[in-house]
Amino acid sequence: MLRSLALCAALLPFAPMSQAADCQPAPLGDATLYLRGNLNQWVAQDEQAFEYRCDAYYLNLSAQGAQEFKLADESWTAHLTFGADAQGRLTRGANGNLKRDFSGEHTLRLSFDAAGPPQLEVGPKSFSPTPVQPITDRAALAARFDSRSSAFKSPFGAQPAGREFTFRIGSDVPGLQRATLVIERRRLTGNQEQLAYEPLARVAMTPAPRGQGGGFSATYRFDDIGVYGYWFELETASGRYALQNNKDTVYWTREKGSMGAASIERLPGDLSRVRRYRQTVYAPGFTVPDWARDVVYYYVFPERFRNGDKTNDPRPGGGRPQDRYQDRDVERHATWNEQPFKPGTGDGSDALYNNDFFGGDLAGLIEKLGYIKNLGANAIYLTPVFRAPSNHKYDAADYKQIDPAFGSNEDFVRLCAEAAKLGIRVIPDTSLNHVGSDSPYFNRFGNFPAGGAFDNGKINPASPYANWFKFKPDETDPDKQYQGWVGVKDLPEIDKDSPSFRAYAYRDPDSVTHYWLDRGAAGWRMDVAPWVPDDFWREWRQAVKAKKPDALTVAETWFDASKFLLGDMFDSTMNYIFRNAVLDYAAGKSAQQTYANLELLREAYPPQALYALMNLLSTHDQARALFHFGYTEPLGRRDAASVPRGEPGSLGRPGAAQDDGDADALKLAKQRLRLAVFFQMTYPGSPTIYYGDEVGLGGGDDPYNRAPYPWADEGGQPDRTLLADFKRLTQLRHDLPVLRHGSLSAPLLVDEHVVVLARQDGKTWAITATNNSTKARTVTVRLPFAAKHLRDALGGQAVAVRDGRIRLTVPALFGRVLVTP
């Protein structure tokens, strides 16, 4: 976790120099800088691109509230990345995030003085960007392509290798002279840092008549698996144009464009500016375990779920491994119903993150398996449970030992066995990208016997783990002698090319991967998958499937994960695009805008993977759903009115309810959560319930999103009414196979508030409708099947079908499911 550093910037008006004689060449050459931060999921977006004008780089920004950000190019190139140093100053290459409170329209000015550091000024909006020259060519403006229409492209969506595609474009206005289908292969590495398209083919399209205008068509066969780009180069008497993907923002994803209807722009001199359509081509034999599409996950952060064995609780001065955090004692919470500690907030904690403990463990999880079953979950996703000093356990100290604060290896075996009796699978989590600095593998603090690769802060070439890491012996500062993952020195990054590490991770018969599959794990979720080389995951998948063919493999990716879902790496991913789209929709954002992201996934992902996606709402890495909906009380376990304003973790986002005693705000937030869960339970994929959401547990960003579950016998106040609603919706999903297995086509209707979808499973059809308005909405849709009436699956009145249409009223902030009798 990168810590926030404050940016102090003057609030003063400014404008670029107007006299050409004073203008200087752009100091960064042709590079384009972007503001990248929490307001745009750290993605380089055109709307936040700086424009160089004469003496400085300028950006008009509309933003509200506290924002963390950096300035960087699309690739996070080191010398083009500007963050905050330890004093909060703008510094090239600094790891810290800049932080500022915004209040509306601003202009940012970035200037470079040869005699000093770069300067970032923030003032009232005063910059006039260079206007885009409009296209007036009628033939170009009338050009059409839609990747989701069979009239323009077939077959639809992701397809197995060897399939031939037909592409068609058209214009109702004469004047298109030539058209070329451009096919390119996409190269995406790391966390989207390296993105490039390599030319593969230019196919001259064949003219075809089209009304008063003209059309063109071409075919192309994709023989190899991969993610490809395609677009169309058009030529008219007035010039050349790119018929390309649209400008829609895709959550967390560097590339813009949700596919579907195309947009037209002049052909740029730099073809990297073209927005490609993306075509996923997967392995013909790609299969996903059959049970995956029937899963409802319960997502547990074990240290905060339930304390079933108080004898293993970490405690200061206890003298056991779980009682120490690196070179000092842990912090222990006095009661279960406290807030997690956050350094620097005045809560009485020390200056370290992730070293405070409540006592959750595997015994507590086993104790509550019946609760999880009754909730309607049939799989448990566990964040790491292997030995590690922190409360999150991503800093592994022993991959083959359950952390003593959580129990023993035998407790894990017992958990899997007891869960299986209830029809529940257990999927653990780990990182094969980094370990903990306080581990026998690294041993920076000397807490383990000699033999670590960095014993007591010194490089140890004789260590059996020496080749797991890359060291810089010429550096004198220990912190600079090795690479910490994203700069975090507590997490030494592994050299994934090390044969020794690969053997330990998945090649050996007793490797980490095999070890826990042998002890009952139903699969694996793999942390920070984009930071690990593709060939590593390809080998790893083969090892998993050879050991346990029906094991499920899940990647942690936040952006468009198509490259991981080709049949050679993962079965599924944590679906952060779904999370953001559904939360924004349930919060009241335009259905047309948010649903476009889900349509992208329907088109880009292989169907077998789409139906296995881990569809999230809340996570341990992002603020909880209720916080997103404006409920800022972090604990969900006390009367809201008892929480003082300004208490750490209770501060809301801009526009959120700021009075924690506002019962109406809480009621509204919970109803928006019900809408989000309704959508989640009626959509393809695996609904994922983050522990405590079902009883109203709130909380903002880490660590407040990791608060303990509010058990009543620990003094908590779980919302039992909300819990009953969650159970009702999970039961709905289990009762109707069409919601789990049914096909999904283009929506029957999407307007500002209502989304209506059709699902088909054999002879059974279901219509799902959701409404994010605070008022009921009545819509009319034409059905793609014949029926006389439809049954309301939640007990409402049946809906009559007249002339192939239904007229239905969708309740405010909720939805309906209608099924054929």
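Located above this text is the structure these notes cover.
The following paragraphs examine the structure supplied in this document. This one's a predicted model, so the numbers in the text were calculated from it and none came from an experiment.

Reading the values: the criteria
- Residues numbered from 1 in each chain as written.
- Predicted model: local features only at pLDDT ≥ 70, side-chain atom pairs only at ≥ 80, totals over all residues.
- Heavy atoms only, no water.
- Buried < 20%, exposed > 50% of the residue type's maximum accessible area, 1.4 Å probe, protein only.
- Helix = DSSP H or I, 4+ residues; strand = E, 2+ residues; numbered from the N terminus.
- Contact = heavy atoms within 4.5 Å.
- 1 Å grid on protein atoms, 1.4 Å probe; cavity = no way out; pocket = protein on both sides within 12 Å on 5 of 7 lines; lining within 4 Å.
- Points joined across faces, edges and corners; volume = space filled by probe spheres on them.
- Nonpolar A, V, L, I, M, F, W, Y, C, P; charged D, E, K, R; others polar.
- Disulfide = S-S within 2.5 Å.
- Phe/Tyr/Trp six-rings, centres within 6.5 Å; stacked < 30°, edge-to-face > 60°.
- Lys NZ or Arg CZ within 6 Å of the ring centre and 35° of its normal.
- Pairing = 2+ DSSP bridges.
- Salt bridge = Lys/Arg side-chain N within 4 Å of Asp/Glu carboxyl O.
- Core = buried A, V, L, I, M, F, W, Y, C linked by side-chain atoms within 4.5 Å.
- Polar contact = N/O pair within 3.5 Å; in protein donor to acceptor, adjacent residues only side chain to side chain.

### Quick word on helix α5 (residues 499-507)
Consideration 1: Looking only at α5, the buried set comprises Phe501, Arg502, Ala503, Tyr504, Ala505 and Tyr506.
Consideration 2: Along its buried surface, α5 packs onto β27 (398-402), α6 (512-517) and α7 (534-547).

### Examining empty space enclosed by the protein
Consideration 1: Under the counting rule described, the total for this entry stands at six cavities of 30 Å³ or more.
Consideration 2: In this structure, the largest cavity encloses a volume near 80 Å³.
Consideration 3: What lines the largest cavity is a set of 13 residues, and nearest its centre among them are Phe341, Asn354, Asp356, Asp702 and Pro703.
Consideration 4: A breakdown of the residues in the lining of the largest cavity according to their chemical character gives seven nonpolar, two polar and four charged.

### Section: the state of the cysteines
Consideration 1: Per the counting criterion, the structure on display carries one disulfide.
Consideration 2: There is a disulfide in this structure between Cys23 and Cys54, and the S-S distance comes to 1.8 Å. The sign of the -100 degrees torsion about the S-S bond sets the Cys23-Cys54 disulfide as left-handed. Of the two residues, Cys23 is situated in the segment before β1 (34-37) and Cys54 in the loop between β2 (51-53) and β3 (56-72); the sequence distance between them amounts to 31 residues.
Consideration 3: We classify Cys23 as partly exposed; its relative accessible area is 33%.

### Quick look at the packing of aromatic side chains
Consideration 1: Enumeration over the complete set of coordinates arrives at 65 aromatic pairs.
Consideration 2: Across the ring face of Tyr482, the terminal group of Lys489 is positioned such that the distance to the ring centre comes to 4.8 Å.
Consideration 3: One cation-aromatic arrangement involves Lys563 over Phe564; the distance from NZ or CZ to the ring centre is 5.1 Å.

### Details of unusual backbone geometry
Note: most peptide bonds trans; most residues except glycine with negative phi.
Consideration 1: Of the consecutive residues Ser154 and Pro155, the connecting peptide bond is found in the cis state with omega at 0 degrees.
Consideration 2: In this structure, the amide linkage connecting Asp702 to the following residue, Pro703, adopts the cis form with an omega of 10 degrees.
Consideration 3: Tracing the backbone shows Pro703 in the loop between β34 (686-690) and α13 (720-735).
Consideration 4: In this structure, Val528 takes a positive phi of about 35 degrees despite not being glycine.

### Section: the pairing of β1
Consideration 1: Both faces of β1 are covered, namely the face carrying Tyr34 and Arg36 and the face carrying Leu35 and Gly37.
Consideration 2: With four bridges connecting them, β1 and β3 associate as antiparallel partners. Residue Leu35 lies in a different strand from β3, and its bridge partner there is Leu71.

### Let's talk about the layout of surface pockets
Rolled over the atoms, a probe as big as a water molecule pinpoints where empty space is left.
Consideration 1: By volume, the second largest pocket is sized at about 1,500 Å³.
Consideration 2: Taken together, 40 residues line the second largest pocket, and the ones lying closest to its centre are Asp46, Lys247, Glu265, Arg273 and Arg275.
Consideration 3: Of all the elements in the fold, those that place two or more residues in the lining of the second largest pocket are β3, β13 (194-204), β17 (239-244) and β18 (263-266).
Consideration 4: For the lining of the second largest pocket, a count of residues per class yields 19 nonpolar, seven polar and 14 charged.

### Some details on the pattern of salt bridges
Consideration 1: Applying the stated criterion to the full structure yields 56 salt bridges.
Consideration 2: Asp55 serves as the salt-bridge partner of Arg109, at 2.8 Å between the closest nitrogen and oxygen. Placement of the pair is Arg109 in strand β6 (residues 98-111) and Asp55 in the loop between β2 and β3, with a sequence separation of 54 residues. Pair check on accessibility: Arg109 and Asp55 agree, each one buried.
Consideration 3: Sharing partners across several salt bridges, the network here consists of Asp497, Arg502, Arg507, Asp535 and Glu539.

### Description of the nonpolar core
Consideration 1: Residues Leu181, Phe232, Leu234, Tyr298, Trp537, Trp540 and Phe570 are the most contacted members of the largest nonpolar core, which totals 180 residues.
Consideration 2: Among the elements that make up this core, the one with the highest residue count is helix α12 (residues 663-681) (nine residues).
Consideration 3: The residues contacting Phe232, other than those within four sequence positions of it, are Phe145, Phe167, Ile169, Thr180, Leu181, Met205, Tyr241, Ala242 and Leu243.
Consideration 4: Grouped together as the second largest cluster of nonpolar side chains are 20 residues, Leu61, Ala63, Leu80 and Phe102 included.

### Points about the environment of Asn443
Consideration 1: Tracing the backbone through its elements, the reader meets Asn443 in the loop between β29 (429-430) and α5.
Consideration 2: Its relative accessible area of 1% is what places Asn443 among the buried residues.
Consideration 3: Expressed as a C-alpha distance, the spacing of Asn443 and Gly93, which sit 350 residues apart in the sequence, is 28 Å.
Consideration 4: In this view, Asn443 contacts Ser437, Phe448, Pro449, Ala450, Gly452, Phe454, Asp455 and Asn456; residues no more than four positions away in its chain are not counted.
Consideration 5: Within the structure, Asn443 has its side chain in polar contact with the backbone nitrogen of Asn447 (distance 3.2 Å).

### Some remarks on the side chain of Ser263
Consideration 1: Counting through the fold element by element, Ser263 comes out in strand β18.
Consideration 2: Polar side-chain contacts of Ser263 include one of 3.0 Å to the backbone oxygen of Asn245.
Consideration 3: Polar contacts involving the side chain of Ser263 include one to the side chain of Arg275, which spans 2.9 Å.
Consideration 4: The residues contacting Ser263, other than those within four sequence positions of it, are Ala242, Leu243, Gln244, Asn245, Asn246 and Arg275.

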